[in-house]
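One letter stands for each residue in the lines below.
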Amino acid sequence: DWVQSNKSFRFEVHVSNLSDVELGALLWLLDLLPDQQGNTVYFHRLGGGKPLGFGSVALQVEWEQTELGKGQDWATYYNGLDEDKAPATDLSKVKERIEEFKKAVKKAYGGNRFEDVPFIAAFLR
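Summary of the structure given here. Remember, it's a predicted structure, so these values are computed and weren't measured experimentally. (Residues numbered from 1 in each chain as written. Predicted model: local features only at pLDDT ≥ 70, side-chain atom pairs only at ≥ 80, totals over all residues. Heavy atoms only, no water.)

Summing up its helical and strand segments, the chain has four helices and two strands in all. Counting from the amino terminus, helix and strand elements in the chain follow one another as α-β-β-α-α-α. Once local pairs closer than 6 in sequence are excluded, the contacts in the chain between residues at least 24 apart make up 41%. When the accessible surface of the chain is totalled, it reaches about 10000 Å², and 50% of it is carbon and sulfur. (Helix = DSSP H or I, 4+ residues; strand = E, 2+ residues; numbered from the N terminus. Contact = heavy atoms within 4.5 Å. Areas by Shrake-Rupley, 256 points an atom, 1.4 Å probe, with all protein chains shown as cover.)

Of all hydrophobic cores here, the largest spans 13 residues; its most connected members are Leu27, Trp28, Phe101, Val105, Phe114 and Ile120. Within the residue set of this core, elements represented by two or more residues are α1 (20–30) and α3 (91–109). Discounting residues that sit within four places of it in the chain, valine 105 has contacts with Gly110, Phe114, Val117, Phe119 and Ile120. (Core = buried A, V, L, I, M, F, W, Y, C linked by side-chain atoms within 4.5 Å. Buried < 20%, exposed > 50% of the residue type's maximum accessible area, 1.4 Å probe, protein only.)

On their own, these measurements won't tell you what the molecule is for.
Here it is, written out as structure tokens:
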């Protein structure tokens, strides 16, 4: 539906069967950080009207509400009658997955820096 400019909205992303590198790519895209002054620098294009300038959104992950775990973590959660909460998100593991993605891209496309890989540089512009 139509979202007015400068409005906030929430949505959930459910994923399964992603490799560590694929998960790292998704987490990198969802967690692009603001610049040092706190200004949003990167926007994602969602929805219709993109040629007209519509659909630019800044994303921010609410890590404290994120439930991210491996299959075995979820199996333990669903099999345990005494478990009262889903697997906690380990932010160090999040950073590891993002680094795995960056390393895989550098290895596949060459270059010294992740940000210099052509499609990454184009996206960041």
